Amino acid sequence: AWKIGYCAQGRYGGRVIIPSFDSEGDINYFIARSYVGHNRRYLNPSCDRDIIFNELSVDWDEPLILVEGVFDAIIAEDNAIPLLGSTLREDSLLFKKIVLNDTPVLLGLDHDAQKKAMWLIKAMLAHDIEVRLMDTSGYKDIGEMPREVFQKRKQDAAFIDSDTYLLKIALLA
């Protein structure tokens, strides 16, 4: 499903390659992660990152799971997009597409990015996007969660409305 490959030699030698495809099926980015212990764990192309990772596989009519990394998205399986980080700008292609399609979002950022998650939730609520927040505590990221733990936390993810948002902000302060 993810069309994962590897490079044995060359610039990306010793790295697993996870490609991304745009809505037309053309490659628009890739992740290159070391599997031999390079100093730099990731070596990615120097190109525009304002993409929708694997948009070809996205169903905009179904809830979308937003996670930080590509390995988190692989664990999430269904309709997951890695942000390739912990932020999402309102002027990004992905954010605009979520708003355009009124796609519900399940947010699964790493536990150490909760303040960034709150900022993103605030932005989505301002655009009337339905948002749920997944508990990722106890794990470095979703990629470390056993699949059954992920499924349970996905099922239990809380809907966030403006009142719940304000309560969560107060608790983080």
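Preceding this paragraph is the structure being described.
In this report, the structure presented in the accompanying data block is examined. As the structure is a prediction and not an experimental result, all values here were calculated from the model. Counting from 1, residues in each chain are numbered in the order their sequence is written. Where local features are concerned, this predicted model is filtered to residues with pLDDT of at least 70; where side-chain atom pairs are given and counted, the filter is 80 or more; whole-chain, interface and lining totals use all residues. Each side-chain value is derived from all of the structure's non-hydrogen atoms; neither hydrogens nor water enter the calculation.

In this section: the pairing of strand β6 (residues 105-108). Partly exposed describes any residue whose relative accessible area lies between the buried limit of under 20% and the exposed limit of over 50%, with all areas from a 1.4 Å probe on protein chains only and scaled to the type maximum. Put simply, DSSP H or I for four residues or longer makes a helix, DSSP E for two residues or longer makes a strand, and each gets a number counted from the N terminus. Alternating positions in β6 separate into two faces, Val-105 and Leu-107 on one and Leu-106 and Gly-108 on the other, with burial throughout. In this structure, strand β4 (residues 64-67) lies alongside β6, joined through 4 bridges in parallel fashion. Residue pairing across strands places Leu-64 opposite Val-105, the latter belonging to β6. Here is how to tell: hold the view so the strands point away, follow the path from the first strand over the helix to the second, and if it runs clockwise the crossover is right-handed. One crossover worth recording links β6 to the parallel strand β7 (residues 131-133) by way of helix α3 (residues 114-126), and it is right-handed. In this scheme, strands are said to pair when DSSP sees at least two bridges between them.

Let us now look at the sheet that holds β6. By way of backbone hydrogen bonds, the strands of a sheet pair with one another, either parallel or antiparallel. Spatially, the 5 strands line up as an open sheet ordered β5-β4-β6-β7-β8, and their pairing is mixed. Strand pairing shows two members of the sheet lacking a second neighbour, β5 (80-82) and β8 (158-160), which therefore form its edges. Across the sheet, the mean angle from the axis of one strand to that of its neighbour is 30°, orientation sign disregarded. In this analysis an axis means a line fitted to C-alpha atoms, helices contributing only their contacting stretch, and an angle means the value between N-to-C directions, from 0 to 180 degrees.

For helix α2 (residues 93-101), the complete set of buried residues consists of Leu-94, Phe-95 and Ile-98. Projected onto a plane normal to the axis of α2, the buried residues spread over an arc of 100° and lie on a single side. Looking at the residues trailing α2, positive phi occurs at Asp-102, about 50°. Directions from the helix axis toward the C-beta atoms define the arc.

Bringing the pattern of salt bridges into the picture now. For this document, the term salt bridge refers to a Lys or Arg side-chain nitrogen within 4 Å of an Asp or Glu carboxyl oxygen. What the rule picks out here adds up to 7 salt bridges. A salt bridge links Glu-77 to Arg-147; the nearest nitrogen and oxygen atoms lie 2.6 Å apart. Of the two residues, Glu-77 is situated in the loop between α1 (70-76) and β5 and Arg-147 in helix α4 (residues 147-156); the sequence distance between them amounts to 70 residues. Exposure remark for Arg-147: the relative accessible area of 36% places this residue in the partly exposed category. Put simply, Asp-78 and Lys-154 hold a salt bridge, and the shortest N to O gap is 3.7 Å. Residue Asp-78 is found in the loop between α1 and β5, and its partner Lys-154 is found in helix α4; the two are separated by 76 residues along the sequence. Overall, the relative accessible area of 45% leaves Asp-78 in the partly exposed class.

As a further point, take the packing of aromatic side chains. Put simply, two rings from Phe, Tyr or Trp (the six-membered ring, in Trp's case) pair if the centres are within 6.5 Å, and we call them stacked under 30 degrees between planes, edge-to-face over 60, tilted for the rest. For the structure on display, the rule yields 2 aromatic pairs. Taken together, a centroid distance of 6.4 Å and an interplanar angle of 80° make the contact between Tyr-6 and Tyr-35 edge-to-face. Placement of Tyr-6 in strand β1 (residues 5-7) and of Tyr-35 in the loop between β3 (27-34) and β4 is noted, with a sequence separation of 29 residues between them. Summarising the aromatic geometry, the rings of Tyr-12 and Phe-30 are spaced 5.2 Å apart at their centres and angled 80° between planes, so their arrangement reads as edge-to-face. Of the two residues, Tyr-12 sits in the loop between β1 and β2 (15-21) while Phe-30 sits in strand β3, which places them 18 residues apart along the sequence.

Let us now look at the sheet that holds β1. Taken in spatial order, the 3 strands line up as β1-β2-β3 in an open sheet, and their pairing is antiparallel. Here the strands that pair on one side only, and so sit at the sheet edges, are β1 and β3. Pairwise comparison of adjacent strand axes, ignoring direction, gives a mean angle of 35° for this sheet. Bridge count for β1 against β2 is 3 bridges, and the pairing is antiparallel.

Quick look at the nonpolar core now. The tendency in soluble globular proteins is for nonpolar side chains to be buried as a group. Throughout this description, the term nonpolar core refers to a set of buried Ala, Val, Leu, Ile, Met, Phe, Trp, Tyr and Cys residues connected via side-chain atoms within 4.5 Å. Phe-53, Leu-66, Ile-81, Leu-94, Ile-98 and Met-124 are the most contacted members of the largest nonpolar core, which has 46 residues in total. Only β3, β4, α1, β5, α2, β6, α3 and β7 provide two or more residues apiece to this core. For this analysis, residues touch if any pair of their heavy atoms sits within 4.5 Å. In this structure Leu-94 touches Ile-52, Trp-60, Leu-64, Leu-66, Ile-81, Leu-83 and Leu-88, once residues within four positions along its chain are discounted. Judged by nonpolar contacts, the second largest core, of 5 residues, contains Tyr-12, Ile-17, Ala-32 and Leu-43.

By themselves these figures say nothing about function.
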